[in-house]
Amino acid sequence: MALLYGLLWRFLLLLVHVNRALVSWLRVRLRSWKGRLWERAVAALLLPLALAGFPDQQKKLNRNPDANANPVTGKRTANRRSRWLSDGRSLEKLPVHIGLLVAEEELSYTDIANLVVWCMAVGISYVSVYDHHGIFRKNNSRMLEEIVRQQQDLLGVEGSKCNVEFLTNGTDEHQRHVVSCRPTVKVLSPEDGKQSIVQAAQQICRSVENKERSSQDISVSMLDILLRESKNIPDPELVVKFGPVDSTLGFLPWHIRLTEFISLPSHRNVSYEDLLGALQQYGTCQQRLGQ
Amino acid sequence: MSWIREGELNLLEKISANILKAGPMPKHVAFIMDGNRRFALKNNIERQEGHMQGFNKLAETLRWCKHLNIQEVTVYAFSIENFKRTKDEVDGLMELAKQKFERLLDERENLEKHGVCIRVLGDLNMLPLDLQRIIAKAVVTTKAHNKCFLNVCFAYTSRYEITNAVREMAWGVEQGLIKASDVSEALLSQCLYSNNSPNPDLLIRTSGEVRLSDFLLWQTSHSCIVFQSVLWPEYSFWNLCEAILQYQLNYKSIQKARDLHREHQALLQLEADRACVAEYLQHHGNGKPADAQRRQEALLHYTTCREERIQDFLDALKHKRDSFFDDLESEAVVA
């Protein structure tokens, strides 16, 4: 009997896997179908303006590093940028701080960099990137380089003026690039999670040891201030999780008290529409704060 | 309505339960039972009635869990933030809690038969005194039971719990039981209200909200989190099965992440111990550089001492917490 149940269980699991694969395949198909339809519509509209093939080209340009060499594409990046900005404005609400949680084994720097740039383009001020192996953190500089590159790619030369402040935790070293609208990118690893709470606790206990403080003074807001590390970054209102694992995997336990979690199947080859979909979903969420 | 539901599963449920049990099962499941008020609104009934049905659903869920070999359940009954609701509703919820805990005491024998241990996690001081006493009585009465465990988070938020753990450690430092350098992730976990439980394997939130709302933030950092859109009073056996299936799909990757985290933690502890030993040797080494063997011995000695220190502190903390409940309970007897 146990054997039969075991077999049935395996069969059930297989079924779920097949179901998942089918759904994600359909999603991709549906999107490309919709995309093609959209492209055709735009093409039909723009043909009289002698700009045939524009939508197709635009798609290719996404991955084209020489995009800015060409003045026409420069205009296009500007177009795209204003579209993204207006997308951001049209949302009911936009998070001030977004977390990108990658719960996949294979990481793609380019796709994450794209996501970061899109987040900034729609008007999000703080973007945190996390993976539970701490690989992004270990390769912090590669990550940041990639972001700058994608930013130039996607937003054009002008776009890169609107620049980024990178925070590297622990070392207190700020790599500042030109400043104007100043979105902030932070690369996080598991050490910023529980370990930072432990460090704050240790710091408090040290001051108690030295009789500078009593255990009675310790409060939630005191710990909160310590964990904010003097920078006034708000807690993330939204975490977009990529990958099949349904877990926070150690992402900033203290800070995700009221964070909305939205899952996307993978960060590889993720499209702007996927991100926008997640943001729209977030826009419709209501928070009651215990009431 | 009672806390303990007798009754077997029907045939179809039993078969499905057996199929699920062929895979890895969660040992500890946590619930955010959300949607009572929306359920009341939807069905045009009083809000209090919605909460009542929510409680009945909890009793039913506990029965399912028992049949699914889930020994431990943690539920979010009342958040510190919930004190912000209207006075009427808060009073209603306190009254409901009082009734239910009184009912629980009436069912003492049944609880003993099933070996149900009830724990209440949260800051009881925030509650009305009569409720505190009844809760303490329920907790003390069922303390020795060890077959299944129900943790009720009442006047609870996770940030408050973590802060309280830090406060307890600071108390330990004040009392001279531990040093500030002994503070570690493992110790902090031991100082939480949930120190007697393993971390939940599965966290379920109903009613379609996709956030944790300050619930078990520390304990669920490597748990499978499942958001379901059904309202809590409408929760069914099949919803629970669906969540467990999702846990089973996630099992391998989450286990891997847990192992990775555990290894990392052990490494950090070793590094911390080494740093402390190095400091000690510098102060007491008469300027001579210590050789490898001496360093190794010192490290071993230090680790043993630290572990003893921490054990003494945890014993003291346990004593403090137990006597809080015992005192409340004996007051209740006198009253």
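Heads up: these notes are all about the structure in this document.

Criteria and thresholds
- Residues numbered from 1 in each chain as written.
- Chains lettered and ligands numbered in written order.
- Predicted model: local features only at pLDDT ≥ 70, side-chain atom pairs only at ≥ 80, totals over all residues.
- Heavy atoms only, no water.
- Disulfide = S-S within 2.5 Å.
- Buried < 20%, exposed > 50% of the residue type's maximum accessible area, 1.4 Å probe, protein only.
- Phe/Tyr/Trp six-rings, centres within 6.5 Å; stacked < 30°, edge-to-face > 60°.
- Helix = DSSP H or I, 4+ residues; strand = E, 2+ residues; numbered from the N terminus.
- Pairing = 2+ DSSP bridges.
- Axes fitted to C-alpha atoms, helices over the stretch in contact; angles between N-to-C directions.
- Contact = heavy atoms within 4.5 Å.
- Buried area = accessible area lost by both parts, 1.4 Å probe.
- Salt bridge = Lys/Arg side-chain N within 4 Å of Asp/Glu carboxyl O.
- Polar contact = N/O pair within 3.5 Å; in protein donor to acceptor, adjacent residues only side chain to side chain.
- Patch = residues over 30% accessible without salt bridge, like charges linked within 9 Å, V, L, I, M, F, W, Y side chains within 5 Å.
- Areas by Shrake-Rupley, 256 points an atom, 1.4 Å probe, with all protein chains shown as cover.
- Left-handed = near helix turned anticlockwise from the far one by under 90°.
- Nonpolar A, V, L, I, M, F, W, Y, C, P; charged D, E, K, R; others polar.

Residues and elements named next belong to chain B. Scanning the model with the defined rule gives zero disulfides over all chains in all. Note on C276: no disulfide assigned, nearest cysteine sulfur contributed by C305 at a separation of 12 Å. For C276, a relative accessible area of 18% corresponds to the buried category.

Residue and element names in this part refer to chain A. Applying the stated criterion across every chain, the model contains 19 aromatic pairs over all chains. Between the aromatic rings of Y130 and F251, the centroid separation amounts to 5.2 Å while the plane-to-plane angle is 85 degrees, which identifies the pairing as edge-to-face. In this pair, Y130 is assigned in strand β2 (residues 126–131) and F251 in the loop between β6 (238–242) and β7 (260–264), connecting sequence segments 121 residues apart. Each member of the pair, Y130 as well as F251, carries the same accessibility label: buried.

All names here are of chain B. Spatially, the six strands line up as an open sheet ordered β3-β4-β2-β1-β5-β6, and their pairing is parallel. In the strand order of this sheet, the two ends are held by β3 (116–121) and β6 (224–227), each with one partner. If you compare each strand with its neighbour and ignore which way they point, the axes differ by 20 degrees on average. Pairing of strand β5 (residues 202–205) with β6 involves four bridges; the strand directions are parallel.

Turning our eyes to something else, we now look at the interface of chain A and chain B. Tallying the contact residues gives 55 residues for chain A and 60 residues for chain B. Buried surface at the junction of chain A and chain B, summed over both partners, amounts to about 5,000 Å²; 62% is from carbon and sulfur atoms. Between chain A and chain B we count six salt bridges in total. A salt bridge links D235 of chain A to R159 of chain B; the nearest nitrogen and oxygen atoms lie 3.0 Å apart. The tally of links between chain A and chain B comes to 21 residue pairs in polar contact (both at pLDDT 80 or more). Looking at the side of chain A that touches chain B, the elements with two or more residues in it are α1 (2–46), α7 (194–209), α8 (220–228) and β7 of chain A. Here the side of chain A that touches chain B gets eleven residues from one element, more than from any other, and that element is α7 of chain A.

What follows deals with unusual backbone geometry. All names here are of chain B. The residue N44 is not glycine, and still its phi comes out positive at about 55 degrees. Under the relative-accessibility criterion, N44 is labelled exposed at 72%. Although it is not a glycine, S213 adopts a positive phi angle of roughly 45 degrees. Secondary-structure assignment places S213 in the loop between β5 and β6.

Once that is clear, we can look at α8 of chain A. Within α8 of chain A the residues assigned to the buried category are M222, L223, D224 and L227 of chain A. Where α8 of chain A is buried, its residues touch α7 of chain A together with α7 (158–174) of chain B.

Judged by side-chain polarity, F11, L14, L15 and V18 of chain A come together as a nonpolar surface patch covering roughly 400 Å² of accessible area. Tracing the backbone shows F11 of chain A in helix α1.

Now for the packing of helix α3 (residues 47–67) of chain B against helix α4 (residues 87–106) of chain B. Residue and element names in this part refer to chain B. Where α3 contacts α4, the two axes come as close as 11 Å, and the packing angle between them is 35 degrees. Relative to α4, α3 is oriented so that their crossing is right-handed. The residues of α4 that touch α3, namely those facing R47, Q48, H51, M52 and F55, are E89, G92, L93, L96, Q99 and K100. Looking at the contact of α3 with α4 residue by residue, the class counts come to four nonpolar, four polar and three charged.

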